[in-house]
Amino acid sequence: MGFTSKFLAVIQNMNIHLGNTMKIILLGAAGLFLLVSMIILGWQIYLYCKHRKAKKIKAKIAVSGTDPNKQYTEKSNLSTCSNSADFLGLSDEDEYSDMKKYDYKVYKLQESIQKLSLYLQRSDPVDFKLIQSNDDLVVDSNVELSGNLKFSLLYDKKQSKLQLTVKEASNLPARHFNQHTDFFIRIKLFTSLPRYQCILHQWDTKIVKNTRNPSFGDQYTCFIEKTAYRKATLKLEVWDFDKYSRRDVLGEVRLPFSDLELSSTAEFCEKLQKVQKEVTGGIFLSLKYLPTARKLEVVLLKVKTGCLSTSPDIGIYTRVDFYVNQHRMKHQKTPAKLKSEITVFNEVMLFTVADSVINQSMIITSVYETSLSKDSKRHLLGRAYLGRKKSKEDDHWFSMLQCLRQPVSKWHPLLI
């Protein structure tokens, strides 16, 4: 009441004549202004206290070094070969047992969804059926092996000319999951070098559709010297063509020329055998895995090839395909370089790969021959396979996982 009487006295001294209603309105406005001021002051005090509390927590974390947002990174930061095997062998339950923040629960769920999606993707590349061994380079096919292939050969010694006629095939197998039977024959003429095989010529016949007894009638002619003829081998591969998926090789017929006289036309009817790979060269690779950065470093160092072209503008380049659970995730390739007996690349490629899928990963390096002066069709010289195959890793991949953050180099055969 004292404040009200003083306020009314001040109004009267100012000789301002206001009605009782106006006086009450002014008094209410003053009270509302005071209330808003108190609310703003209380909110500023709350923000200040909250800021001080957060600052104290950060200072405590900095002193103790136990930031919960870095628990997984610190746990993954293993730098010695002795404990790297234990690190890669951790189960999901052990790996995340110390994580208490809900952010890491979300992270774990996202990673599990990513792994599941990779497992559910259907992919059946024939390259992953290869058993890589210099003693047993055989493609393990799940298609029942059957069928015969008819062809004829004639070699003219005077002109050094070889003539091949692919006639027909009979009783060829079909894929179990695909009843479409479209076939073609891939023909490769090899010659033996001291260490490698060299492809002299390669052809593909026409595609014959909707039959397991295709007739081709394709004829091919090439020139081959007598010295190379005795070291040559003819290889005819039967391929099942599919427009919407990978082509599948079903079997092969292999015919060495060392003890073969072809002074006149010779007819052959051979039974299909399991496909065998040829060693056409070698590639020198370095691998390094960085678990904290989740990076796989592939360094292409050198490539050895068997056949040396006489053309001065022939070059080679290498393409690296990165797979997870037989699904191709990414690929990179090197610039083309002039082909020589040993071609040096020294190209570094990086691929992102999580710790949880490194044991299900694989890389395929393909070496191609092409022209440096003009655009021309590329020719595959060979491939090398590194990583997870037949439920186990090869020696190079296993050494990389044993010695994290350390580069590991090794020669690999190029196969075709």
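Since this is a predicted model, take the numbers as computed values, not measurements.

**Student:** Looking at this structure, I do not really get the overall build of the protein chain. What am I missing?
**Tutor:** A count of helical and extended segments in the protein chain gives eight helices and 18 strands. Buried residues in the protein chain amount to 40% of all 416 residues. Put simply, of all contacts in the protein chain between residues at least 6 apart along the chain, 68% involve residues at least 24 apart. About 24500 Å² of surface is accessible on the protein chain, with carbon and sulfur atoms providing 55% of the total.

**Student:** Is there a simple way to think about the pairing of strand β15 (residues 361-371) in this case?
**Tutor:** Where a strand is regular, its side chains alternate between the two sheet faces. In terms of burial, β15 is largely enclosed, as eleven of its eleven residues are buried. On β15, burial covers both faces: Ser361, Ile363, Thr365, Val367, Glu369 and Ser371 on one face and Met362, Ile364, Ser366, Tyr368 and Thr370 on the other are all buried. Where strand β11 (residues 314-324) and β15 come together, eleven bridges link them in antiparallel fashion. By the bridge assignment, Ile314 is partnered in β15 with Ser371.

**Student:** Which parts of the structure should I look at to understand the sheet that holds strand β1 (residues 148-156)?
**Tutor:** Two modes of strand pairing occur in sheets, parallel and antiparallel, and in both the strands are linked by backbone hydrogen bonds. Sheet architecture is open: four strands sit in the order β5-β2-β1-β8, paired in antiparallel fashion. In the strand order of this sheet, the two ends are held by β5 (215-223) and β8 (266-271), each with one partner. Neighbour-to-neighbour, the strand axes of the sheet open up by a mean angle of 20°, direction not taken into account. Note: β1 against β8, six bridges, orientation antiparallel. Bridged to Lys150 within β8 is Cys269.

**Student:** I tried to follow the packing of aromatic side chains on my own but got confused; where do I start?
**Tutor:** Geometry of an aromatic ring pair is reported as the spacing of the ring centres plus the angle between the planes. Evaluated as defined, the whole model comprises nine aromatic pairs. Between Phe151 and Phe268, the ring centres sit 5.3 Å apart and the planes meet at 15°, which makes this aromatic pair stacked. Residue Phe151 is located in strand β1, and its partner Phe268 is located in strand β8; the two are separated by 117 residues in the primary sequence. Note on accessibility: Phe151 and Phe268 belong to one class, buried.

**Student:** Is there a simple way to think about the nonpolar core in this case?
**Tutor:** One broad rule of soluble globular proteins: the nonpolar side chains tend to lie buried together. If you look at the biggest cluster of nonpolar residues, it comprises 33 residues, and the most contacted ones within it are Phe151, Leu153, Leu162, Ile187, Leu234, Phe257 and Leu262. Within the residue set of this core, elements represented by two or more residues are β1, β2 (161-170), β3 (183-192), β5, β6 (232-240), β7 (248-256) and β8. For Phe151, the contacting residues outside a window of four places in its chain are Leu164, Thr165, Val166, Lys167, Leu234, Leu236, Val253, Leu255, Ala266, Glu267, Phe268 and Glu270. By size, the runner-up hydrophobic cluster in this structure holds 29 residues, among which are Tyr289, Val320, Ala354 and Leu414.

**Student:** What am I meant to see in the pattern of salt bridges here?
**Tutor:** Two side chains with opposite charge may pair up if their charged atoms get near one another. For the structure on display, the rule yields 13 salt bridges. Where Glu278 meets Arg254, a salt bridge forms, and the shortest distance between an N and an O atom there is 2.4 Å. In this pair, Glu278 is assigned in the loop between β8 and β9 (279-290) and Arg254 in strand β7, connecting sequence segments 24 residues apart. By relative accessible area, which is 8% here, Glu278 ends up buried.

**Student:** What exactly am I supposed to notice about the environment of Gly306 here?
**Tutor:** Residue position: Gly306 is located in the loop between β10 (295-305) and β11. The sequence separation of Gly306 and Val279 amounts to 27 residues, and the corresponding C-alpha distance is 9.1 Å. Once residues within four sequence positions are removed from consideration, Gly306 is found in contact with Leu193, Tyr196 and Thr280.

**Student:** Can you walk me through the sheet that holds β6 in this structure?
**Tutor:** Read across the open sheet, the four strands follow the order β4-β3-β6-β7; overall the sheet is antiparallel. The outermost strands of the open sheet, each flanked by one partner alone, are β4 (197-204) and β7. Going from strand to strand, the sheet's axes swing by 20° on average, the running direction of each strand aside. The pairing of β6 with β7 spans eight bridges and is antiparallel. When the bridges of β7 are listed, Leu234 appears paired with Leu255.

**Student:** Would you take a moment to explain the confidence of the model for the protein chain for this structure?
**Tutor:** Any residue range with low pLDDT should be treated as having predicted coordinates unsuitable for detailed reading. In the predicted model, the protein chain carries a mean pLDDT of 78, and 71% of its residues have values of at least 70. Within the model, the stretch residues 65-102 combines pLDDT values under 50 with 57 contacts to residues more than four positions away or in other chains.

**Student:** Got a minute to help me understand helix α8 (residues 395-402) in this structure?
**Tutor:** An α-helical turn contains 3.6 residues, so a residue and the one three or four places further along point in the same direction. Taken together, the buried positions of α8 are occupied by His396, Trp397, Met400 and Leu401. Each buried residue of α8 sits inside an arc of 135° when the element is viewed along its axis, so together they form one side.

**Student:** Any chance you could explain the side chain of Arg319 here in plain terms?
**Tutor:** One can find Arg319 in strand β11. Reaching out from Arg319, the side chain makes a polar contact with the side chain of Asp321 at a distance of 3.0 Å. Ignoring sequence-local partners within four residues, the contact set of Arg319 consists of Arg328, His331, Gln332, Lys333, Ile364, Thr365, Ser366 and Tyr368.

**Student:** Would you mind showing me how to read a nonpolar patch on the surface here?
**Tutor:** Together, Leu32, Leu35, Val36, Ile39 and Ile40 make up an exposed nonpolar region whose accessible area comes to about 490 Å². Within the secondary structure layout, Val36 lies in helix α2 (residues 20-64).

**Student:** Just to check I follow, could you spell out the side chain of His396 for this structure?
**Tutor:** Along the chain, His396 falls in helix α8. Looking at His396, the relative accessible area reads 2%, which means it is buried. Each residue touching His396, except ones within four places of it in the same chain, is listed here: Leu285, Leu287, Leu386, Val408, Ser409, Lys410 and His412.

**Student:** What's the story with unusual backbone geometry in this structure? I'm lost.
**Tutor:** Excluding glycine, most residues fall at negative phi; most peptide bonds, likewise, are trans. Positive phi outside glycine occurs at Ser160, with the angle close to 55°. Here Ser160 shows up in the loop between β1 and β2. Backbone geometry places Arg405, a non-glycine residue, at a positive phi of 65°. Tracing the backbone through its elements, the reader meets Arg405 in the loop between α8 and β18 (408-415).

Scoring rules and cut-offs
Residues numbered from 1 in each chain as written. Predicted model: local features only at pLDDT ≥ 70, side-chain atom pairs only at ≥ 80, totals over all residues. Heavy atoms only, no water. Helix = DSSP H or I, 4+ residues; strand = E, 2+ residues; numbered from the N terminus. Buried < 20%, exposed > 50% of the residue type's maximum accessible area, 1.4 Å probe, protein only. Contact = heavy atoms within 4.5 Å. Areas by Shrake-Rupley, 256 points an atom, 1.4 Å probe, with all protein chains shown as cover. Pairing = 2+ DSSP bridges. Axes fitted to C-alpha atoms, helices over the stretch in contact; angles between N-to-C directions. Phe/Tyr/Trp six-rings, centres within 6.5 Å; stacked < 30°, edge-to-face > 60°. Core = buried A, V, L, I, M, F, W, Y, C linked by side-chain atoms within 4.5 Å. Salt bridge = Lys/Arg side-chain N within 4 Å of Asp/Glu carboxyl O. pLDDT = per-residue confidence, 0-100. Arc of directions from axis to C-beta. Polar contact = N/O pair within 3.5 Å; in protein donor to acceptor, adjacent residues only side chain to side chain. Patch = residues over 30% accessible without salt bridge, like charges linked within 9 Å, V, L, I, M, F, W, Y side chains within 5 Å.

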